[in-house]
Amino acid sequence: MIIRRLAPFAPFLLLAACHRPAAEPKVTEAWVRLPAVSGQPAAAYFTLHGGRSAKTLIRMESALAAKTEMHQNMRGMQGMTSMAPLDHVDVPAGATVQFKPGGNHAMLFGLDPAIRPGTAVPIRFGFSDGTTAEAEAKTVAAGGDAPY
Ligand SMILES: [Cu+2]
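Notes on the structure in this doc start here. Computed from a prediction, not measured in an experiment: that's the story for all the values here. (Residues numbered from 1 in each chain as written. Predicted model: local features only at pLDDT ≥ 70, side-chain atom pairs only at ≥ 80, totals over all residues. Heavy atoms only, no water.)

Concerning the overall build of the chain
- A tally of regular secondary structure across the chain gives 2 helices and 10 strands.
- The order of helices and strands in the chain, counted from the N terminus, is α-α-β-β-β-β-β-β-β-β-β-β.
- Pairs at least 24 apart in sequence give 64% of the contacts found in the chain among residues at least 6 apart.
- Working note: accessible area of the chain is about 9300 Å², and carbon and sulfur atoms make up 58% of it. (Helix = DSSP H or I, 4+ residues; strand = E, 2+ residues; numbered from the N terminus. Contact = heavy atoms within 4.5 Å. Areas by Shrake-Rupley, 256 points an atom, 1.4 Å probe, with all protein chains shown as cover.)

Structure below.
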């Protein structure tokens, strides 16, 4: 009897849990693709989930890289692509912002040479209001498939 009464409410409760953004931005599905030639920068990709207020991502850093830059891919004439640094990325409240192959990405310079496919690479994301988010990126080989 009790189960029958509660059952109609269950789907509503699940939806409410999914759609309510966390207070602070979160980063999921972070991964790093190693360079084909060691010593070259690695690329990092991830999904940013906006929190309850809009934020601006201004910096990324990793303890396993000397320097991390945010880049955008630009498509020029004759289909040539080039990259330009991004000095900030808007993360609207509740929005999903993706960094993925062919689009926005991060580049890790001076990568720790001990990093292998499977190594967890910690990345910290810094916002203009001084708050941060952390993610552990999954490392894949230069020719490996995207894990997400
Ligand atoms: Cu780049």
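Here we look at the coordination of the copper ion
- Protein-derived ligands of the copper ion are His71 (ND1), Met83 (SD), His105 (NE2) and Met107 (SD), with the metal-ligand distances lying across 2.1 to 2.2 Å.
- Read in sequence order, the donor residues coordinating the copper ion give the pattern H-x11-M-x21-H-x1-M. Residue His71 is found in strand β4 (residues 67-75), and its partner Met83 is found in strand β5 (residues 81-85); the two are separated by 12 residues along the sequence.
- Exposure remark for Met83: the relative accessible area of 44% places this residue in the partly exposed category. (Donors = N, O, S within 2.8 Å, 3.2 Å for Na, K, Ca; no water. Buried < 20%, exposed > 50% of the residue type's maximum accessible area, 1.4 Å probe, protein only.)

Notes on the environment of Asp87
- Assignment of secondary structure puts Asp87 in the loop between β5 and β6 (89-91).
- On the accessibility criterion, Asp87 (60% relative accessible area) is exposed.
- Counting along the chain gives 17 residues from Asp87 to Met70, while the straight-line C-alpha distance between them is 7.1 Å.
- Apart from residues no more than four positions distant in its own chain, Asp87 is found in contact with Leu57, Ile58 and Met70.

Brief notes about the pattern of salt bridges
- Under the definition given, this model contains 5 salt bridges.
- Taking the shortest distance from any N to any O, the salt bridge between Lys55 and Glu24 comes out at 2.7 Å. Of this pair, Lys55 sits in strand β3 (residues 55-61) while Glu24 sits in the loop between α2 (10-19) and β1 (26-33), and the two are 31 residues apart along the sequence.
- Residue Lys55 is classed as buried on the basis of its relative accessible area of 7%.
- Look at Glu24 and you get partly exposed, because its relative accessible area is 40%.
- The closest approach of N and O atoms between Asp129 and Lys55, which form a salt bridge, is 2.8 Å. Of this pair, Asp129 sits in the loop between β9 (120-127) and β10 (132-140) while Lys55 is found in strand β3, placing the two residues 74 residues apart along the sequence.
- Through salt bridges with shared partners, a single ionic network connects Glu24, Lys55 and Asp129. (Salt bridge = Lys/Arg side-chain N within 4 Å of Asp/Glu carboxyl O.)

Just geometry here; none of it tells us what the structure is for.
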